[in-house]
Amino acid sequence: MNWLDKLERKFGRFAIPNLTVFLLAGYVIGFGVVWLMPDMIGYLTLEPALILKGQVWRIISWVLIPPTTNLISLAFLVLLYYSLGTALERTWGSFRYNVYIFSGLFFTVLAEFGLYAFFYFRYGVEVPLSMIGMVSTNYITMSIFLAFAAIYPDMEVLLYFILPIKMKWMALVYVVMAAYYFIRGGLMTRVAIGASLLNFVIFFLSGRKKRFRPGEQARRAKYRRQSAPHMKYSNGAKHRCAVCGRTELDDPCLEFRFCSKCNGNYEYCQDHLFTHEHVK
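Structural notes, computed from the coordinates.

Calculation rules
Residues numbered from 1 in each chain as written. Predicted model: local features only at pLDDT ≥ 70, side-chain atom pairs only at ≥ 80, totals over all residues. Heavy atoms only, no water. Helix = DSSP H or I, 4+ residues; strand = E, 2+ residues; numbered from the N terminus. Contact = heavy atoms within 4.5 Å. Disulfide = S-S within 2.5 Å. Expected span 1.5 Å × (residues − 1). Buried < 20%, exposed > 50% of the residue type's maximum accessible area, 1.4 Å probe, protein only. Axes fitted to C-alpha atoms, helices over the stretch in contact; angles between N-to-C directions. Parallel < 35°, antiparallel > 145°, perpendicular 65-115°, else oblique. Left-handed = near helix turned anticlockwise from the far one by under 90°. Nonpolar A, V, L, I, M, F, W, Y, C, P; charged D, E, K, R; others polar. Phe/Tyr/Trp six-rings, centres within 6.5 Å; stacked < 30°, edge-to-face > 60°. Core = buried A, V, L, I, M, F, W, Y, C linked by side-chain atoms within 4.5 Å. Salt bridge = Lys/Arg side-chain N within 4 Å of Asp/Glu carboxyl O.

### Section: the environment of His272
Move 1: As for its position among the elements, His272 is in the segment after strand E4 (267-269).
Move 2: As a C-alpha pair, His272 and Phe256 span 16 residues in sequence and 9.5 Å in three-dimensional space.
Move 3: Contact partners of His272, with chain neighbours within four places excluded, come to Cys241, Val243 and Cys244.

Shown next, in the form of structure tokens:
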């Protein structure tokens, strides 16, 4: 198992289902704050200097700052990312999707504190927000788009509900835009782009095993959905050896695999995977 498998076994039950809904609802709330109480937005920003002085809510509240303040653009963004985020969660499962989103948020906060520490220890000053710019989750949503495009590159969507275009071409445009903003933007823009997209790099470019590639992940998720109704046993067990009858409830360390040479959905523990008689 890789590190995600181990984490999911221990903490999978704490995953937040439909995380995309909460993220987009935060955008709507933040949009309302911008228009109805614009002075309030100053209390939501991610500013390490103020967080260290006791305003700890800013570690979370910055997520409410919407990527856009245009109502039409926000409506389009909500509709698009609701469909992409929920599809991505169904493909990966709630836990992996949670790790993907929260790691992007964590890396952004970590980068902001790192930038603050650099200025403080290098120049002996607290870097103000006006100098580095306000942080939003714009590039977090971009990472959702890139992840979906990596898994379903040939899927077509209607751009602005009119023009059909494949996801891989839209992803290419996103990458070019990110590169442009990285080159032309300020220091915080560069840090935000790099930090929030680091989760994409970790999930897709650092994997060595074929079964964790995007296409393979989608295939495995589809297989789990199809086989789930046939994999429910007594006491809530999801795996059972066809030879000895043991389940993961009998021994949490047991590994279960399906046999490709058997006719039917026959699952075996590691003790009988290579020693059983094939069902023909």
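Moving on from the model shown.
### Focus: the state of the cysteines
Here a disulfide denotes one covalent bond, and it connects the sulfur atoms of two cysteines.
Move 1: Evaluation of the coordinates by the stated rule reveals 0 disulfides.
Move 2: Just so you know, Cys259 is unpaired, no disulfide at all, and the nearest cysteine sulfur is the one on Cys262, 3.7 Å from it.
Move 3: The thiol sulfur of Cys269 is not disulfide-bonded, and the nearest other cysteine sulfur, from Cys241, lies at 3.7 Å.

### Topic: helix H8 (residues 138-151)
Move 1: Helix length check: H8 (14 residues) gives 21 Å between terminal C-alpha atoms against 20 Å at 1.5 Å per residue, within 8%.
Move 2: Of all 14 residues making up H8, 12 are buried, and the element is well covered by its neighbours.
Move 3: Three or more residues of H8 are buried, namely Tyr139, Ile140, Thr141, Met142, Ser143, Ile144, Phe145, Leu146, Ala147, Phe148, Ala149 and Ile151.

### Observations concerning the packing of helix H2 (residues 19-36) against helix H5 (residues 71-92)
Move 1: Put simply, H2 and H5 touch, their axes get as near as 8 Å, and they point 165° apart. Considering their axes alone, H2 and H5 lie roughly antiparallel with respect to each other. As for how H2 packs across H5, the hand of that crossing is right-handed. Touching Leu19, Thr20, Val21, Leu24, Tyr27 and Phe31 of H2 are Leu71, Leu74, Leu77, Val78, Tyr81, Tyr82, Gly85, Thr86 and Glu89, all from H5.
Move 2: Across the contact of H2 with H5, the residue classes break down as 11 nonpolar, 3 polar and 1 charged.

### Quick notes on the packing of aromatic side chains
Move 1: Using the criterion set out here, one finds 6 aromatic pairs in the structure.
Move 2: On the numbers, 4.3 Å between centres and 10° between planes, the contact of Phe145 with Tyr174 is stacked. A residue pair is termed long-range when its members are at least 10 positions apart, and Phe145 in helix H8 and Tyr174 in helix H9 (residues 167-184) qualify at 29 residues. The pair formed by Phe145 and Tyr174 is uniform in burial state, with each residue classed as buried.
Move 3: Plain terms: the ring middles of Tyr180 and Tyr181 are 5.7 Å apart, the flat faces sit at 65° to each other, and that makes the pair edge-to-face.
Move 4: Judged by relative accessible area, which is 38%, Tyr181 ranks as partly exposed.

### Points about the nonpolar core
Move 1: If you look at the biggest cluster of nonpolar residues, it comprises 52 residues, and the most contacted ones within it are Tyr81, Leu84, Trp92, Tyr100, Ile144, Phe145 and Phe204.
Move 2: Counting residues in hydrophobic clusters, the runner-up holds 8 residues, among them Leu254, Phe256, Cys262 and Tyr268.

### Regarding the pattern of salt bridges
Move 1: Enumeration according to the criterion identifies 3 salt bridges in this entry.
Move 2: The salt bridge involving Glu8 is made with Arg96; its shortest N-O contact spans 2.5 Å. Of the two residues, Glu8 is situated in helix H1 (residues 3-11) and Arg96 in helix H6 (residues 94-123); the sequence distance between them amounts to 88 residues.
Move 3: Residue classification places Glu8 among the partly exposed positions, given a relative accessible area of 30%.
Move 4: The salt bridge involving Glu47 is made with Arg58; its shortest N-O contact spans 3.6 Å. On the criterion of sequence distance, the pair formed by Glu47 in the loop between H2 and helix H3 (48-51) and Arg58 in helix H4 (residues 58-61) is long-range, its members being 11 residues apart.
Move 5: The exposure class of Arg58 is buried, given its relative accessible area of 2%.

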